[in-house]
Amino acid sequence: MEQDLKKILIDEKQIMERVQELGREISSQYPPETDLIMVCILRGAVVFLSDLARSIDRPVTFDFMEVSSYGEGTESTGVVRIIKDLGENIQGRHVLIVEDIIDTGQTLKYVVDVLKTRKPASIKTVTLLDKPERRVTKQIKVDFNGFEVPDEFVVGYGLDYAQKYRNLPYIAVLKPEAYS
Ligand code: PRP
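In this report, we go over the structure that sits alongside the text.

Conventions adopted
Residues numbered from 1 in each chain as written. Predicted model: local features only at pLDDT ≥ 70, side-chain atom pairs only at ≥ 80, totals over all residues. Heavy atoms only, no water. Near = heavy atom within 4 Å. Polar contact = N/O pair within 3.5 Å; in protein donor to acceptor, adjacent residues only side chain to side chain. Areas by Shrake-Rupley, 256 points an atom, 1.4 Å probe, with all protein chains shown as cover. Helix = DSSP H or I, 4+ residues; strand = E, 2+ residues; numbered from the N terminus. Nonpolar A, V, L, I, M, F, W, Y, C, P; charged D, E, K, R; others polar. Core = buried A, V, L, I, M, F, W, Y, C linked by side-chain atoms within 4.5 Å. Buried < 20%, exposed > 50% of the residue type's maximum accessible area, 1.4 Å probe, protein only. Contact = heavy atoms within 4.5 Å. Pairing = 2+ DSSP bridges. Axes fitted to C-alpha atoms, helices over the stretch in contact; angles between N-to-C directions.

**Let's talk about the site of the ligand**
For the ligand, the set of nearby residues contains 17 residues, the closest of which are Glu99, Asp100, Thr104, Gly105 and Thr107. For the ligand, an oxygen atom lies 2.9 Å from a polar atom in the backbone of Arg43. Calculation on the ligand without its partners gives an accessible area of 500 Å², and the protein chains cover 92% of this total. Secondary structure elements with two or more residues in the shell around the ligand: β5 (94-102) and α3 (106-116). No other element matches the four residues that β5 contributes to the shell around the ligand. Its residues placed into classes, the shell around the ligand shows four nonpolar, seven polar and six charged.

In structure tokens:
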């Protein structure tokens, strides 16, 4: 697996420190007894969710939504589909959407637009990684962002290429020959 990696971009210690900071930032934005529902966008955000949730000092519940725009390729197709919807009613609740990476922004825009129609009390968004160079929509607001990353193919800590590398404990850049 390591032979497919060009370099480690963000190591395990940097991730852990930033996740702790994000947890503190997020906690400070909500009154102590806020009913906060963390909506994890499967599958990539599941690793981040599990660490982030444990760094938030508020009562939280989890729910999961699976959307897809990538398939097996490396480029977003721009067409977002719901594969699995939430199990819970979010009306009147404070929603925190948890993403692993925001690239073109189309997935997040779609998810926010869908969830808004269900009348939550608030929607905020947190992402571990942001690739601002790739953005095609300006209509999204990221409330909490872990790291800005350059326009390279990154894997690890939940992020995959063709479903592989999700269990790496760090974020790494994939060698182009590993996906071409
Ligand atoms: C990734 C990522 C975001 C989306 C970001 O998911 O988790 O949901 O792409 O891209 P965008 O900003 O261009 O819309 P992916 O579809 O690869 O699924 P996965 O989380 O199961 O890996």
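**Points about the nonpolar core**
Counting 30 residues, the largest nonpolar core has Phe48, Leu52, Leu96, Val98, Val126, Leu129 and Ile171 as its most contacted members. Of all the secondary-structure elements, those providing two or more residues to this core are α1 (12-28), β2 (36-42), α2 (46-53), β5, β6 (122-130), β7 (144-148) and β9 (171-174). Non-local contacts of Val126, meaning those with residues more than four positions away in its chain, are made with Leu22, Ile26, Phe48, Leu52, Leu96, Ile97, Val98, Glu99 and Phe144.

**Section: the sheet that holds strand β4 (residues 81-84)**
Pairing within the open sheet is mixed, and its six strands lie in the order β4-β3-β2-β5-β6-β7. Both outer strands of the open sheet, β4 and β7, are each paired with one neighbouring strand and no more. Neighbour to neighbour, the strand axes of the sheet diverge by 30° on average, direction disregarded. Note: β2 against strand β3 (residues 60-68), seven bridges, orientation parallel. Bridging across to β3, Met38 finds its partner in Phe62. α1 contacts β5, β6 and β7 of the sheet and is inclined by roughly 160° relative to β7. The strands touched by α2 are β2, β3, β5 and β6; relative to β2, the strand with the most contacts, the crossing angle is about 155°.

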